[in-house]
Amino acid sequence: MILALEAVSKSFAGLQALAGVSFEMGPSEITAVIGPNGAGKTTLFNVVTGVFPPTGGAIRFLGKDIAGLPPERIVGLGVSRTFQHVRLFRTLTVLENVMLARHQHSRSETVACGLRLPRARREEADIRAAALEHLDLLGLSDQRDRIAPELPLGQQRYVELARALATEPRLILLDEPTAGLNEREADEFGEVLFRIRERGIALLLIEHHMRFVMKVSDRIVVLNFGRKIAEGIPAEIQTSPQVIEAYLGTDERD
Amino acid sequence: MNHASRVAWAGVTVGVLVLPLAAGSGFYLNVLNFIALYSMVAIGLSLLVGYCGQLSISHSAFFAIGAYASAILSTRAGLPAAAAVIVSQCITPVLAWGIGVVVLRLGGHYLAIATLSFTIIVEILIKEMTPLTGGLQGLSSIPPITLGGVALDSDFRFHFLVWPVTMLLFLFALNLVDSRLGRALRAIREGEVVARLFGVDARRYKVKVFVLSSVFASIAGSLYAHFVSFVSPAVASLMFAIDIIMVLALGGFTLLWGALLGAAALTVLNEYLTPFADYKRAIYGLALIVIMLFFPNGLLPGLRGAVGAILRAVPGTRR
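Trainee: I tried to follow the overall build of chain B on my own but got confused; where do I start?
Mentor: A count of helices and strands for chain B gives 14 helices and four strands. Taking 20 Å as the expected radius of gyration for a compact globule of 319 residues, we find that chain B reaches 20 Å, a close match to that expectation. If one aligns the C-alpha atoms of chain B with their principal axes, the spans along those axes are about 65 × 50 × 40 Å. The buried share of chain B, taken over its 319 residues, is 49%. Taking all contacts inside chain B whose residues are at least 6 apart in sequence as the whole, residues at least 24 apart take part in 78%.

Encoded structure:
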């Protein structure tokens, strides 16, 4: 198992955002988390990546309990993510955004960087080469010197993906990667996800776009009001009465 | 750092070092020396406030700590001036680290108020610890720095210490902001949580840059003490802290070159506004409000942006 959630709970001042959620993910698996708005999907991402600690339960990543670790530790272990509303650094260029993600793969400290010691320069060259490689992989090399807000949303989502890949993760969490993309762009994004999976990286995604979910996911976990109400392969989920009920009468648009 | 910046740095360094040899002594050298001292503090503050986004109003305190540490070590402990400067730079980082670890848990306005309080405490301590600091009288007869048997006791001689030190610290800062650390600082400014999610230990880096920028201020303070041979509680005043923020407001918060230009502008203004005496502060205060209202990133970047916008608006100037 690459990721195993065991009865993970999170409450905010009396509001139970997650109530005993458990599921497992195998390596190189694409798992989708679906559910109506307010089901706790983004909260789930935030506790897994360390934005805040869960109130209860265990989160095992490659066998190690990471629940409550700070985000900089969790990314170092091999979990990265993207955001529902693109959160690229707006004052950094596209290349610098991806270079930043190499932070834990480099070590030069203040004095070495300030004096431009040979080892700091070598390391900077390595950071740049690795970042360019990831931009290249996603076809973004010619956008490297632009700042993120100048790019169309579709490209910004690829930059976020390149930044996540640059941390050399074993698992990437994608929060609504197709939001704002048209059908063709969503399909292209799906192809890229398959290519990433081929490199041995597992993907956990939150998605409202059902056609996309059914096409790319190996497994689907359905949340409603912080609880897991169903789990299975896409064909099972599509016909699950509980899932259909959860969605009926609820507004599933953003 | 890009090529243009490197060439500009080399050009300014050579220019400022050749200038007194070509133009000879004069009062302008005194002004230039103060520009250098202001620049050091402003460059340090730019790293902390501009690049890392942590508004601190404690830089006059660290300037004063450097000045007083150097003054006390050389007049009371009998250390040679150069040694006093170096020992002082070992004291400041320890103090800055202790303060930084505590106050940098705060952000935004809270951090500004906490650092402001620290500045007030330092000022009071300097005024009250008379046996050590000379109280309101200050400390006088601070020996000049002596290098290779030459006492740096004139504007001309001091120039050849203060400017190389300033330009080296400036180069250090230019290198730093263009490294993995610089990217980390800029990422922290934009969003601490996202920076942490990509591996930046934000709390550690904030303390680091706080210590580093405090040392920049402290070096300036030490050099100042040996240059003017006299320190008084005025160096620890809140007004001086505001002056340094004014330097960044003029030159731009995230432009290291702006720190240099802002320091030059403010030092020259200080000279020309001397006849206005106490009203000078009121003028600065008003200017600061106006700049913050219209150019929150600083006057220089703001004007650059405004000129660019006007040029684009004029038909026919665009390709």
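Trainee: Mind showing me how you'd approach the interface of chain A and chain B here?
Mentor: In many analyses, interface size is given as the accessible surface area lost on bringing the parts together. Counting from both sides, the interface comprises 31 residues of chain A and, opposite them, 22 residues of chain B. If one sorts the elements of the side of chain A that touches chain B by residue count, helix 2 (residues 71-77) of chain A sits on top with four residues. Along the lines of polarity and charge, the residues of the side of chain A that touches chain B split into 13 nonpolar, 10 polar and eight charged.

Trainee: Please explain the pairing of strand 2 (residues 15-25) of chain A as it appears in this structure.
Mentor: A regular strand places its side chains on the two faces of the sheet in alternate fashion. Residue and element names in this part refer to chain A. Where strand 1 (residues 3-12) and strand 2 come together, seven bridges link them in antiparallel fashion. By the bridge assignment for strand 2, alanine 4 is matched with glutamate 24. Counting the residues that bridge the hairpin from strand 1 to strand 2 gives two residues, and of these alanine 13 lies at a positive phi of roughly 40°.

Trainee: Even after reading the chapter, I still don't get the pairing of strand 8 (residues 202-206) of chain A, so can you show me in this structure?
Mentor: Residues and elements named next belong to chain A. The buried fraction of strand 8 amounts to five of the five residues, a majority that puts the element mostly inside the structure. Burial along strand 8 is two-sided: the face carrying Ala202, Leu204 and Ile206 and the face carrying Leu203 and Leu205 are both buried. In terms of handedness, the path from strand 7 (residues 171-175) via helix 7 (residues 183-198) over to strand 8 forms a crossover that is right-handed.

Trainee: Looking at this structure, how should I read the environment of leucine 288 of chain B?
Mentor: Residue and element names in this part refer to chain B. Residue placement: leucine 288 occurs in helix 13 (residues 279-294). On the basis of neighbour counts, which here come to 16 C-beta atoms within 10 Å, the residue leucine 288 falls in the partly exposed class. Placed 11 residues apart in sequence, leucine 288 and leucine 299 show a C-alpha to C-alpha distance of 9.5 Å. The contact partners of leucine 288, leaving out residues within four places of it in the chain, are Met246 and Ala249.

Trainee: Would you take a moment to explain the sheet that holds strand 1 of chain A for this structure?
Mentor: Two strands in a sheet stick together by hydrogen bonds in their backbones, pointing the same way (parallel) or opposite ways (antiparallel). Residue and element names in this part refer to chain A. On the basis of which strands lie adjacent, the open sheet formed by four strands has the order 2-1-4-5 and antiparallel pairing. The open sheet terminates on both sides in strands that have one partner only, identified here as strand 2 and strand 5 (64-65). Where strand 4 (residues 56-61) lies against strand 5, two bridges are found, and the strand directions are antiparallel. The residue of strand 5 that forms the bridge with phenylalanine 61 is lysine 64. This element, helix 1 (residues 41-49), spans strand 1, strand 2 and strand 4 of the sheet and lies at about 70° to strand 2.

Criteria and thresholds
Residues numbered from 1 in each chain as written. Chains lettered and ligands numbered in written order. Predicted model: local features only at pLDDT ≥ 70, side-chain atom pairs only at ≥ 80, totals over all residues. Helix = DSSP H or I, 4+ residues; strand = E, 2+ residues; numbered from the N terminus. Rg over C-alpha atoms; globule rule 2.2 N^0.38 Å. Buried ≥ 20, exposed ≤ 12 C-beta atoms within 10 Å, placed from the backbone. Contact = placed C-beta atoms within 7 Å. Nonpolar A, V, L, I, M, F, W, Y, C, P; charged D, E, K, R; others polar. Pairing = 2+ DSSP bridges. Right-handed = clockwise from strand over helix to strand, strands pointing away. Axes fitted to C-alpha atoms, helices over the stretch in contact; angles between N-to-C directions.

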